[in-house]
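# Chain and residue survey
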Amino acid sequence: MSESVLDPQGGKNSSFHIESETIFPIPENVRRGNARSLATVWLGANQTVLTFMTGMIYTQLCNLSIGWAILAIVLGNVLGGVFMALHAAQGPHLGIPQMQQTRGQFGVYGSLLVILIVIFMYIGFASTLFAIGRDQSGTFFGPLSSHPAIYASAFMVWVLCTVGHALLERFIAAFSYIAGIVFVVMGAVYLFSPFGALKLPFFATPSVHDFLMAISVGVLWQVAYAPYVSDYSRYLPVHTGEKEAFYGCLSGSTIGAALPMIVGAYVAGTVSGDNYYESLRQVSGILPAVIYIVFFASTIVCASMQIYCATLSSLTLLHTFVPSWKPSKKARTVVAAVLVCASALLTMSLSGDALDNISNFLLLLLAVLSPWTAINLVDYYLIEHGRYDIPSLYRNDGGVYGLVNGLAVSCYVIGILVQVPFLSNSLYTGVIANQLGGIDISWILGIVVPGVLYWVLASRKKQKALQAGA
């Protein structure tokens, strides 16, 4: 993955060769990488300012002391990381984008609902990242730098997505080491400086509501990667194996997310609050500049991943209506440009408290992503056992998977609706959540209910089909 990808046309290893693959299966002769390189990529993908700011949610919005925040960060990321890594394991085996594989559960037209939601998620995340980059530039250089920061970010993201997979993954892998060192240094400076004194005792006991809400933040952080994690692992050789891909992705993503989240939670939990640039200037005039460069670069890293995968999902969406069309690298370049522009325009209208925006966006995503991840994983591991008819996933009639799988769509909708009474956030509090004192357990039902329901009904459906064919 972080190694060079073979140029299938020229036979040379180059990270700057424009990727020719789009939504179709990756040929074995251009697959490269291993579980270790996959771990490095997901380590870097999580070393971002967005992860850092998400960590601030634990001590600022969830009102946790740093000790309980660390516990919630680890528990949430490990739990959510398991689901995310199970999706990553599908990549080497199938060699196709995740949203293309979703047709195997929902059918050609049935999958469109999920694909549209996921594209919206990508644009939302990219816009949030552009907004954070804008705000970071405004804080560091002044308000006049805000719009130029958006333009610069958008252009660099488009270039990375245009060149494609090899350059994007090398860029992320190289960035992971730099960002990791900077986050460790930043945490150490706060730990040994007067402005790093904590507002609360290290293990001040939180409310059950706040602690469960904090765990859900970590769960969703990882689950949000599920719709596109195999878009990157699809380049791993088939012999990599599902087990190796699972552990490589799990270790890289959980460690990569936990470090900046813990640093962010610690910074926000100090007497100096989140005014970290001013605090760091007390130690060194250079350190704030280094932090800014890494933070700004991290928005480009993460936004590039969002736009790249949004592009693949958009091509899958378009291919649904023009099945004879084979998307090329030129099509990927054009679609990426459209998505980057849409994200940048949305950023210019994005206002309000950044932490509240991130928190609400994450909670909203959890409600719509958890049922999909449950259905997808149950189908892959318990129903089909990884055996899919790849040509059918590209046929206009859906082949063996049909146009709409009413069973999967129904379970998905039920998985969303069952969460409504249990939701508890600043946007809405359900009846049952209110009776539970505001504790939000909706994401648990959003995984368990549709997952179990689909497993039972799909197993019966497959058994009847086998009996009928006997």
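Further up the page is the structure itself.
Everything quoted here is computed from the prediction, not taken from an experiment. (Residues numbered from 1 in each chain as written. Predicted model: local features only at pLDDT ≥ 70, side-chain atom pairs only at ≥ 80, totals over all residues. Heavy atoms only, no water.)

### As for the overall build of the chain
Assigned secondary structure in the chain consists of 19 helices and 0 strands. Taking 23 Å as the expected radius of gyration for a compact globule of 470 residues, we find that the chain reaches 22 Å, a close match to that expectation. Based on the C-alpha atoms only, the size of the chain along its principal axes is roughly 75 × 60 × 40 Å. Per-residue burial over the chain gives 61% buried out of 470 residues. (Helix = DSSP H or I, 4+ residues; strand = E, 2+ residues; numbered from the N terminus. Rg over C-alpha atoms; globule rule 2.2 N^0.38 Å. Buried < 20%, exposed > 50% of the residue type's maximum accessible area, 1.4 Å probe, protein only.)

### Re the packing of helix α3 (residues 66-88) against helix α12 (residues 242-268)
Between two packed helices, what matters for the description is the angle formed by their axes and the separation of those axes. At a closest axis distance of 8 Å, the pairing of α3 and α12 adopts a crossing angle of 155°. Comparing their axes, α12 and α3 come out roughly antiparallel. The handedness of the crossing between α3 and α12 comes out as right-handed. Side by side, α3 and α12 meet where Ile66, Ala69, Ile70, Ile73, Asn77, Val78, Gly81, Val82, Met84, Ala85, Leu86 and Ala88 of the first sit next to Ala245, Phe246, Cys249, Leu250, Ser253, Thr254, Ala257, Ala258, Met261, Ile262, Ala265 and Tyr266 of the second. Here the contact of α3 with α12 is built from residues that sort into 20 nonpolar, 4 polar and no charged. (Axes fitted to C-alpha atoms, helices over the stretch in contact; angles between N-to-C directions. Parallel < 35°, antiparallel > 145°, perpendicular 65-115°, else oblique. Left-handed = near helix turned anticlockwise from the far one by under 90°. Contact = heavy atoms within 4.5 Å. Nonpolar A, V, L, I, M, F, W, Y, C, P; charged D, E, K, R; others polar.)

### Some remarks on the packing of aromatic side chains
A complete count under the given rule lists 28 aromatic pairs for this structure. Ring geometry for Phe52 versus Phe295: centroids 5.1 Å apart, planes at 45°, classification tilted. With Phe52 in helix α2 (residues 49-60) and Phe295 in helix α14 (residues 287-321), the pair connects residues that are 243 residues apart, well separated along the chain. For the pair Phe52 and Phe295, one class covers both residues: buried. On the numbers, 5.9 Å between centres and 20° between planes, the contact of Tyr380 with Tyr388 is stacked. Neither residue differs from the other here; Tyr380 and Tyr388 are each classed as buried. (Phe/Tyr/Trp six-rings, centres within 6.5 Å; stacked < 30°, edge-to-face > 60°.)

### Points about the side chain of Gln98
Looking at the element boundaries, Gln98 is found in helix α5 (residues 98-101). With relative accessibility at 1%, the residue Gln98 sits in the buried group. Reaching out from Gln98, the side chain makes a polar contact with the side chain of Gln101 at a distance of 3.0 Å. Apart from residues lying up to four places away in sequence, Gln98 is in contact with His87, Gln90, Ala226, Pro227, Ser230, Asp231, Trp372 and Asn376. (Polar contact = N/O pair within 3.5 Å; in protein donor to acceptor, adjacent residues only side chain to side chain.)

### Remarks on the nonpolar core
The biggest cluster of nonpolar side chains holds 139 residues, and the ones touching the most others in it are Trp42, Phe52, Tyr58 and Met186. Ranked by the residues each element gives to this core, the list is headed by α14, at 19 residues. (Core = buried A, V, L, I, M, F, W, Y, C linked by side-chain atoms within 4.5 Å.)

### Description of the pattern of salt bridges
This structure, assessed with the given rule, holds 6 salt bridges. In this structure, the salt-bridge partner of Arg281 is Glu278, at a minimum N-O distance of 2.9 Å. Linking Arg281 with Glu278, this pair stays in helix α13 (residues 276-281), spanning 3 residues, or about one helical turn. Glu278 gets classed as partly exposed once you look at its relative accessible area, which sits at 43%. When the shortest N-O distance is used, the salt bridge between Glu384 and Lys462 registers 3.8 Å. With Glu384 in the loop between α16 (354-383) and α17 (406-417) and Lys462 in helix α19 (residues 442-469), this pair connects stretches of sequence that are 78 residues apart. A relative accessible area of 29% places Lys462 in the partly exposed class. (Salt bridge = Lys/Arg side-chain N within 4 Å of Asp/Glu carboxyl O.)

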